[in-house]
Amino acid sequence: MSNTDTIVESIEWRDDHVRILDQTYLPNREVYSDIRDVGRMWEAIKKLRVRGAPAIGIAAAYGFYLGIKELPENAFESFWVEVERVADYLETARPTAVNLHWALERLKTTIQAHKDKDISEIKDIVLETAKTIHAEDKRTCKKIGENGVELVPKEARILTHCNTGSLATGQYGTALSVIFHAHEEGNKLQVWVDETRPLLQGSRLTSWELMNAEIPMKLITDSTAGSLIRRGEVDMVIVGADRVASNGDTANKIGTYPLAVLANENDVPFYVAVPLSTIDIELENGEDIPIEERDGDEIASFNDSKVAPKKVETYNPAFDVTPHRYVTAFITEEGIIKPDFDENFKALFED
Ligand code: MRU
């Protein structure tokens, strides 16, 4: 049985800079990078050195502080112009995960609430708020895991996609937090891990996290999932999300939508584990979720070797949107949310 408290932390604030576990090197090497300016943080988010919706939010919050900490401490108005410039710049790193926008909005609102204070004091408050966002995410993810355990049968074959573990959050994860906690409770698990083309978050990162926790797992190609589900070898699917609209439409790693349809067709429950910070309550449905399109070279190359003819045309969306009708329930820090999602999310956000 693993102890969830020993689970890795991939982002750490150290006196005056951020240390991240650079995920592009995993699983072969554990390389830690020190990030001391907003430009380096933008690059780390863009290049997926730090990735996964909640982790992107935490990284952006620290990156924002790094971007404002050297600003002149004169009039609030000129400080604010620069604050907005730093936030707008960080927002361009990755568009789909709403946590990035959510964290920056929270920091900007905090600054406005303290506009009468000295700018040096405001900067300290921003750093404290970034640390709070980080600490809250760890607690939230633990709660998601604890809340999700009731949905996991005592013996369960669970299929998951992409990486939703400690690497993707402050600690524990979202979908993987449910798996870690069910394992800790003594459930007998077998996890099917989709490799997750093209950047292999499943094979490189999820396998690494599950094997470290000694949770039985098998790596499969993305296209194996369908036949496993049809043969009755999957009891439940659990994934995370990058942005959930107020009606429950869910953007997550490309390949999630087909899994949801397959699960539905075969009467297998399809769960989405998310912190409330991933729910974009302002957004009516999934139509308007911005979907990041990444460099075609990610699919035309493998390990720096070409696997397609030179100059091949590509289409490489990083995420897809699963209509809410395929989602059995959301697992959040506030509990299990069942349909009608629209109504139940609104009640949560009104509280
Ligand atoms: O492109 P990535 O690796 O940042 O995509 C990550 C995902 O799609 C995760 O499933 C999602 O962010 C949920 S993480 C807790």
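The model shown is predicted, which means the values in this text are computed figures rather than measured ones.

This paragraph deals with the packing of helix H2 (residues 53-68) against helix H3 (residues 76-91). Taken N-terminus to C-terminus, the directions of H2 and H3 make an angle of 140°; their axes are 10 Å apart at the nearest point. Considering their axes alone, H2 and H3 lie oblique with respect to each other. Between H2 and H3 lies a crossing of right-handed hand. Between H2, through Ala60, Gly63, Phe64, Gly67 and Ile68, and H3, the contact on the second element is made entirely by Phe79, Val83, Val86, Ala87 and Leu90. Residue classes in the contact of H2 with H3 are distributed as eight nonpolar, two polar and no charged.

The sheet built from three strands is open, its strands ordered E1-E2-E3 with antiparallel pairing. In this open sheet, the two edge strands, each paired with only one partner strand, are strand E1 (11-14) and strand E3 (32-35). The sheet shows a mean angle of 25° between the axes of neighbouring strands, direction not considered. Lying on the sheet, helix H1 (residues 38-46) is in contact with strand E2 (17-21) and E3; it crosses E3 at an angle near 140°.

On to the environment of Glu313. Examined against the element boundaries, Glu313 turns out to sit in the loop between strand E13 (305-306) and strand E14 (319-322). For Glu313, a relative accessible area of 80% corresponds to the exposed category. Along the primary structure Glu313 and Gly296 are separated by 17 residues, whereas in three dimensions their C-alpha atoms are 7.7 Å apart.

Moving on to the pairing of E3. Taking every second residue as pointing to the same face, the buried face of E3 carries Ser33 and Ile35, while none of Tyr32 and Asp34 on the other face is buried. Strand direction decides the pairing type here: E2 and E3, joined by four bridges, are antiparallel. Across the sheet, Ile20 pairs through a bridge with Ser33, a residue of E3.

Following the UniProt record, one finds the feature "site: Transition state stabilizer" (unreviewed entry) at Cys162. With respect to the secondary-structure elements, Cys162 resides in the loop between strand E4 (155-160) and helix H6 (175-184). In contact with Cys162, not counting residues within four places along its chain, are Arg51, Thr196, Gln201, Gly202, Thr206 and Lys253.

What follows concerns the layout of surface pockets. Its boundaries defined by the atoms lining it, the largest pocket holds a volume of some 870 Å³. If you trace the largest pocket, you find 23 residues lining it, with Thr24, Leu199, Arg204, Asn303 and Asp304 closest to the centre. Across the lining of the largest pocket, the residue classes tally to eight nonpolar, four polar and 11 charged. The volume enclosed by the second largest pocket comes to roughly 220 Å³. Lining the second largest pocket are 14 residues, with Trp102, Arg106, Glu136, Ser277 and Glu333 sitting closest to its centre. Where the lining of the second largest pocket is concerned, the elements lending two or more residues are H2, helix H4 (98-113) and helix H5 (119-148). Here the element with the most residues in the lining of the second largest pocket is H5; it accounts for four residues. Each residue belonging to the lining of the second largest pocket can be placed in one class, and the counts come to six nonpolar, four polar and four charged.

Here the structure, examined in full by the defined rule, presents 24 salt bridges. For Glu292, the salt bridge identified is with Arg94, shortest N-O distance 2.9 Å. You can see Glu292 sitting in the loop between strand E11 (279-280) and helix H10 (297-300) and its partner Arg94 sitting in the loop between H3 and H4, a full 198 residues away along the chain. Among the ionic pairs, Asp297 bridges to Lys306, the shortest N-O distance being 2.9 Å. Judged by relative accessible area, which is 38%, Asp297 ranks as partly exposed. Linked by salt bridges that have partners in common, Asp22, Glu43, Lys47 and Arg49 make up one network.

Now for the UniProt feature "binding site: substrate" (unreviewed entry) in the protein. Using the residue numbers shown here, the UniProt feature "binding site: substrate" (unreviewed entry) corresponds to Arg51, Gly52, Ala53, Arg94, Gln201, Asn252 and Lys253. Lining the largest cavity, from the residues named above, are Arg51, Gly52, Ala53, Arg94, Gln201, Asn252 and Lys253. Taking relative accessible area as the criterion, Arg94 reaches 6% and is therefore assigned buried. When near neighbours in sequence (up to four residues on either side) are disregarded, Arg94 contacts Ile45, Lys46, Leu48, Arg51, Ile56, Leu100, Lys253, Glu292, Arg294 and Phe319. Of the polar contacts made by the side chain of Arg94, one reaches the side chain of Glu292; its length is 2.9 Å. In this fold, Gln201 is placed in helix H7 (residues 201-212). A relative accessible area of 2% places Gln201 in the buried class. Excluding its chain neighbours within four sequence positions, the residues that come into contact with Gln201 are Leu48, Arg51, Cys162, Asn163, Glu195, Thr196, Thr206 and Lys253.

Criteria and thresholds
Residues numbered from 1 in each chain as written. Predicted model: local features only at pLDDT ≥ 70, side-chain atom pairs only at ≥ 80, totals over all residues. Heavy atoms only, no water. Axes fitted to C-alpha atoms, helices over the stretch in contact; angles between N-to-C directions. Helix = DSSP H or I, 4+ residues; strand = E, 2+ residues; numbered from the N terminus. Parallel < 35°, antiparallel > 145°, perpendicular 65-115°, else oblique. Left-handed = near helix turned anticlockwise from the far one by under 90°. Contact = heavy atoms within 4.5 Å. Nonpolar A, V, L, I, M, F, W, Y, C, P; charged D, E, K, R; others polar. Pairing = 2+ DSSP bridges. Buried < 20%, exposed > 50% of the residue type's maximum accessible area, 1.4 Å probe, protein only. UniProt positions renumbered as here; feature names shortened; annotations may be inferred. 1 Å grid on protein atoms, 1.4 Å probe; cavity = no way out; pocket = protein on both sides within 12 Å on 5 of 7 lines; lining within 4 Å. Points joined across faces, edges and corners; volume = space filled by probe spheres on them. Salt bridge = Lys/Arg side-chain N within 4 Å of Asp/Glu carboxyl O. Polar contact = N/O pair within 3.5 Å; in protein donor to acceptor, adjacent residues only side chain to side chain.

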